[in-house]
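Architecture at a glance
So the chains spell out like this:
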Amino acid sequence: MKTHLFLALSVAVSLGIYAAEPTALSVWAPPPLAKVLRDAVPPSEGPGPLIIEGARNETASAQAAVRPAADVAAAQVSISDLVHRETGAVVPASAVTLQWERYIAIDRNTTGLPGDELVATAPNSIPDPFWEAATIPLQAGETQAVWLEAAIPADAAPGDYDGTLTVTTDGETAQLAVALHVWNFAVPDERHLSVVNWWRFPGLGFDGRFEPYSDAYYQFLGECCAFLAAHRQTDIQSSLNELIQEVPGADGKVSYDTSRLERYAATAFEHGIRQIHLHAVGTRTGNHTDPAGRIEPVAAAMNRLPALEAVIQQRQWQGRIAVNISDEPFIHHEQSYAAVVSQVHQLAPSVRVIEAVEAEFFGDLDIYVPKLSHLNLWYPSFQEVQREGKELWYYTCCHPVGRYPNRFLDQSLLKGRALFWINYLYDLDGFLHWGLNHFYGDDPYTQEAISHGLPLGDRAVVYPGETKYLGSLRFSTMRDGLQDFEYLWLLEDGLRQLKERVGADAHWLDPRQRSLELCRRVVQSFYDHTRDPQVLMETRRLLAYEIEALAEAPLLVVQTSPPENTFVPAGPRNIGVRGLVAPGAAVTINGKPVPVRDSGYFCQAWFMPDNQPVITVEVNENGAHRSVSRSFILEHE
């Protein structure tokens, strides 16, 4: 691992952070995936630096914690410019957003979560929304967290940067060293995963503020879409019947006005949204579980579909408009639902049908979205859906509970971030949640508002400010998980490009295998995942290192058969080792030289002894050296 990953630890000493006299105002850097509770205390060994890591064009997150000994009427936090240690290049302070975290008081926990999966036991207070105010009061002996988001410029020089975080209270100041590491690659603008959290637009705090479909309404729509897109959400939803209006003619015939739809969609697309879901063209007879129930088309909505198709063709919006029919159809709805899907495709061939489903077979449905727990239980059937070329997403809502990942307020942030590692592990195309801002009541900053009748926080992850939407720990963590997904994708894509360059001698190279090996360190199934945030962060760091290494000399790509961390029974243990280096480079496997072809391809059958579960491959090229290791789990007789 590169030494610069550990250099940040020296910053605190060089700035005298450890040696400073204790003051009445404590400031420190908690782990990035911690929910910092009111009773959190500074580390006994003294505060280390606040470390931020990210690639160019990424929003990298971190946290600071503040604990005053006395009440504070007004606390502010600021950050200096971040200066490159070697070149003096600057990431300006303006690139870093500082947000005080707001706490939600809870008097219950989410039913169905085991006690060891809770971050706090009620009664308690848990941080989630961000304060819009830059200055807030602090209570004596209570810890207050600050969330940092560094928007790393697309042209930022790679390497290590230093700066200072300053907290100012009533007549007192405390500082914390900041160390930013910028990886030498960029997170792509293109989103390789589809994501939607259904919203109420404009939503609590803004309903009634704008005349519907006025210029001000569309301006706010654009601002909100840009906010969602900045958090890597790709899709939004609206109402088909509201956006396409019926216009009665003098002859009694009805025509359809699509001007609202066109301006709404154009505004959303202009501000970073990729696809719009229009609800809904069907309805359910009976309740969800009534075996006699059916899914029936809604005539008023179906009549609008030809007009929708015409807009798609005229505006070239193919692949950007989807409809849903009736949320969560069950097994007894499969035939009637499939019939409505067929009608939609006949009336509007360019419109895709997306649905959150509670069973496996719904005809020619374009985008299947089973619940995470059902995807786990019925995965073989959904694999068939994937083989047919359908998009396969999954959704979470008030379920699943237990040990599954979800985004409940009283779960760890790691769970919300791990969701998108599951997407990569199973090659799933998207994620859906119903609750962006579906508050109950008038005060959004309460347990009831975000949880009424449902698990804690299920209703919302975005909050209303005075003039704009405000984020939250959980929404930012989802964005960070989506950026993790892009790291996995970038390593895969780099290996795919290498395979194409090398040609026939790289026929064996599976571009996904290495990303999958690393992904499995974080998530092992639809519900098995690490509970250690450091495992996720270290795995992400290793992904970054390997992405960088593809563009650096000496090249060394290694793939084993079977993959790393496979359980290997007793003998003989024949591990196939294949790899690529630059032509002319020298390669050893566990110290033994192996031949290298002119293309840079090498291969070796390695018989693994009982006492050596690790295969280490080394390359030397013109005096430059690199090594990689692959570990296995051995059965001992």
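Residues numbered from 1 in each chain as written. Predicted model: local features only at pLDDT ≥ 70, side-chain atom pairs only at ≥ 80, totals over all residues. Heavy atoms only, no water.

1. A look at the packing of aromatic side chains
Within this structure, the stated rule accounts for 28 aromatic pairs. Relative to Phe-526, the ring of Tyr-379 has its centre 5.3 Å away and its plane inclined at 65°; by these criteria the two rings are edge-to-face. In this pair, Tyr-379 sits in helix α10 (residues 379–387) while Phe-526 sits in the loop between α14 (513–522) and α15 (533–549), placing the two residues 147 residues apart along the sequence. Relative accessible area serves as the criterion here: at 13%, Tyr-379 is assigned to the buried category. Where Tyr-424 meets Phe-485, the ring centres are 5.8 Å apart and the plane angle is 70°; that geometry is what we call edge-to-face. On the criterion of sequence distance, the pair formed by Tyr-424 in helix α11 (residues 413–425) and Phe-485 in helix α13 (residues 473–502) is long-range, its members being 61 residues apart. Just as Tyr-424 is buried, Phe-485 falls in that class too. Of the aromatic side chains, those joined through ring pairs into one cluster are Trp-199, Phe-201, Phe-206, Phe-210, Tyr-213, Tyr-217, Tyr-218, Phe-220, Phe-227, Tyr-469 and Phe-475. Just above the ring of Tyr-424 sits the side chain of Arg-512; from NZ or CZ to the centre is 4.4 Å. Sitting over the face of the ring of Tyr-487, Arg-540 holds its NZ or CZ atom 4.1 Å from the ring centroid. (Phe/Tyr/Trp six-rings, centres within 6.5 Å; stacked < 30°, edge-to-face > 60°. Helix = DSSP H or I, 4+ residues; strand = E, 2+ residues; numbered from the N terminus. Buried < 20%, exposed > 50% of the residue type's maximum accessible area, 1.4 Å probe, protein only. Lys NZ or Arg CZ within 6 Å of the ring centre and 35° of its normal.)

2. Some points on the pairing of strand β21 (residues 352–357)
Counting buried positions over the six residues of β21 gives six, a clear majority of the element. Residues Arg-352, Ile-354 and Ala-356 line one face of β21 and the alternating positions Val-353, Glu-355 and Val-357 line the opposite face, and both faces are buried. Where strand β20 (residues 321–323) meets β21, two bridges bridge the pair, whose relative direction is parallel. Pairing of Val-323 across the sheet is with Val-353, part of β21. At this point the chain moves from β20, through helix α8 (residues 334–347), to the parallel β21, and the crossover so formed is right-handed. Pairing between β21 and strand β22 (residues 367–370): four bridges, direction parallel. Following the sheet pairing, Ile-354 is matched in β22 by Ile-367. (Pairing = 2+ DSSP bridges. Right-handed = clockwise from strand over helix to strand, strands pointing away.)

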